[in-house]
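Summary of structural features
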Amino acid sequence: LGVLRYSRRALRLVWATNRALALGLAIGSLIAGLLPSAIALVGKHLLNGILGAARTGALTDRDAALTWLGAELGLVIGLAIVGRLLGMMRSLLRQQLGQKINVEILEKALTLELTQFEDSELYDSLTRARREASSRPLSLVSQTFELGQSLVTLVGLGALLAAFSPIALAV
């Protein structure tokens, strides 16, 4: 739970860098968390549709199964698109965050005396901060969103499993 304190600080930093991208990451993670449950639900209907069409041989049952197949294909493509968009947003945010933090480090460096730069520990910490500026905070925020995404997926699939068989969920 102590990590959440740092996640909150990192999220504030990412939010201050680009609100639209931070919001896009949050919404995209939520959608990516919901899509596996939707795919499973549509897969159930697809399987039932295929079995029904095979049993009856009716043209309407075959068309219904094809409709479910199209929905399944659309959801799987949607999941792939959301994954790519999340990757692009992370990449853009990493660049912007790195630039923002580098500017802040340089502004801080301007306030230091020349003699302070002769201290190797200070110089090493400034260099390390500049090097890791874009990766650490964004990585923490991404992991927080991925945790939320996994939680949404787990709850959604758990609800589907509970509707199927509460005993199976308990097991």
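Residues numbered from 1 in each chain as written. Predicted model: local features only at pLDDT ≥ 70, side-chain atom pairs only at ≥ 80, totals over all residues. Heavy atoms only, no water.

**Structural notes on the overall build of the chain**
Heads up, the rule is: Secondary structure elements are defined from DSSP: runs of H or I of at least 4 residues count as helices, runs of E of at least 2 residues count as strands, and each element is numbered from the N terminus. In this treatment the radius of gyration is a C-alpha quantity, and the globule benchmark scales as 2.2 Å times the residue count to the 0.38 power. Burial here depends on accessible area, computed with a 1.4 Å probe over protein chains only, as a share of the maximum for the residue type. Under 20% is buried, over 50% is exposed, and the range in between is partly exposed. The Shrake-Rupley method, run with a 1.4 Å probe, gives the accessible areas here. Residue values count only the displayed protein chains as cover. We treat Lys and Arg as the positive residues and Asp and Glu as the negative residues; His and chain ends play no part in the count. Note on charges: their place is set at NZ of Lys, CZ of Arg, CG of Asp or CD of Glu.
For the chain, the helix and strand inventory stands at 6 helices and 0 strands. In sequence order, the secondary structure elements of the chain are arranged as α-α-α-α-α-α. Over its C-alpha trace the chain gives a radius of gyration of 24 Å, far above what one expects of a compact globule, namely 16 Å for 171 residues. Looking at the 171 residues of the chain, the share that counts as buried comes to 28%. A total accessible area of about 11500 Å² is found for the chain, and carbon and sulfur atoms account for 66% of it. Between the averaged position of the 17 positive side-chain charges in the chain and that of its 12 negative side-chain charges there is a distance of 8 Å.

**Observations concerning the side chain of Glu-72**
In plain terms, the rule: The rule for a salt bridge is simple: a side-chain nitrogen of Lys or Arg has to be within 4 Å of a carboxyl oxygen of Asp or Glu. Working rule for contacts: check all heavy atoms of both residues, and any pair within 4.5 Å makes them a contact.
By secondary structure assignment, the location of Glu-72 is in helix α3 (residues 59-110). No salt bridge is formed by the buried Glu-72; the nearest opposite charge belongs to Lys-44, separated by 12 Å. Sequence-distant contacts of Glu-72, defined by excluding residues within four places in its chain, comprise Ile-39, Val-42, Gly-43 and Leu-46.

**Some words on the nonpolar core**
The condition that has to hold: Here, nonpolar core refers to any group of buried Ala, Val, Leu, Ile, Met, Phe, Trp, Tyr and Cys residues whose side-chain atoms link them within 4.5 Å.
Core analysis: the largest hydrophobic core is formed by 23 residues, its most contacted members being Val-14, Leu-25, Leu-86, Leu-93 and Leu-138. Put simply, the parts of the chain that give this core at least two residues each are α1 (2-17), α2 (19-56), α3 and α5 (135-164). Considering each element in turn, this core owes the most residues, 8 residues, to α3.

**What to know about the layout of surface pockets**
The line we're drawing: Computed over the protein atoms alone on a 1 Å grid, cavities are sets of points where a 1.4 Å probe fits but cannot get out and pockets are open sets with protein on both sides within 12 Å along at least five of seven lines; a residue lines them when it has an atom within 4 Å of a point. Grid points are joined across faces, edges and corners, and a volume is the space filled by probe spheres set on the points. Gly is placed with the polar residues, together with every amino acid not listed as nonpolar (Ala, Val, Leu, Ile, Met, Phe, Trp, Tyr, Cys and Pro) or charged (Asp, Glu, Lys and Arg).
Within this model, the largest pocket holds a volume of roughly 170 Å³. Only α2 and α5 provide two or more residues apiece to the lining of the largest pocket. Split into classes, the residues belonging to the lining of the largest pocket amount to 6 nonpolar, no polar and 1 charged.

**Points about α5**
In plain terms, the rule: Helices are assigned an expected span. That span is 1.5 Å times one less than the residue count.
Spanning 30 residues, α5 covers 42 Å between terminal C-alpha atoms, matching the ideal 44 Å at 1.5 Å per step. Taken together, the buried positions of α5 are Pro-137, Leu-138, Val-141, Ser-142, Phe-145, Gln-149, Thr-153, Gly-156 and Gly-158.

**Describing the confidence of the model for the chain**
Rules: pLDDT runs from 0 to 100 and stands for how confident the predictor is about each residue.
The pLDDT averaged across the chain works out to 88; a share of 98% of its residues lies at or above 70. Looking at the elements of the chain, mean pLDDT is at its lowest for helix α4 (residues 120-131), recorded as 80, and at its highest for α2, recorded as 94.

**Here we look at a positive patch on the surface**
Note the following rule: Exposure above 30% relative accessible area and no salt bridge define the residues that can form patches, which grow by joining like charges within 9 Å and nonpolar side chains of Val, Leu, Ile, Met, Phe, Trp and Tyr within 5 Å.
On the surface, Arg-5, Arg-8, Arg-9 and Arg-12 cluster together to form a positively charged patch. Since its relative accessible area comes to 53%, Arg-9 is described here as exposed.

**A word on the environment of Leu-85**
By secondary structure assignment, the location of Leu-85 is in helix α3. Taking relative accessible area as the criterion, Leu-85 reaches 41% and is therefore assigned partly exposed. Along the chain, Leu-85 and Val-171 lie 86 residues apart, while their C-alpha atoms are 36 Å from each other.

**Details of the side chain of Ser-7**
If you trace the backbone, Ser-7 turns up in helix α1. If we skip the residues at most four places from it in the chain, Ser-7 touches Leu-140 and Thr-144.

**Points about the packing of α2 against α5**
The description of two packed helices rests on the angle between their axes and on the distance between the axes. Rules: To define axes, lines are fitted to C-alpha atoms, for helices over the stretch in contact only, and angles between the resulting N-to-C directions are given on a 0 to 180 degree scale. By definition in this entry, angles of less than 35 degrees are roughly parallel, angles greater than 145 are roughly antiparallel, angles of 65 to 115 are roughly perpendicular, and the rest are oblique. Throughout, a crossing is termed right-handed when the near helix is turned clockwise from the far one, and left-handed when it is turned anticlockwise from it by less than a right angle.
Taken N-terminus to C-terminus, the directions of α2 and α5 make an angle of 25°; their axes are 8 Å apart at the nearest point. Classified by the interaxial angle, the pair formed by α2 and α5 is roughly parallel. As for how α2 packs across α5, the hand of that crossing is right-handed. Between α2 and α5, the residues in contact are Ala-22, Leu-25, Ala-26, Ser-29, Leu-30, Ala-32, Gly-33, Leu-34, Pro-36, Ser-37, Ala-40 and Leu-41 and Leu-138, Phe-145, Gln-149, Val-152, Thr-153, Gly-156, Leu-157 and Leu-160, respectively.

**Some thoughts on the environment of Pro-137**
By secondary structure assignment, the location of Pro-137 is in helix α5. Taking the C-alpha atoms as reference points, Pro-137 and Glu-72, 65 residues apart in sequence, are found 36 Å from one another.

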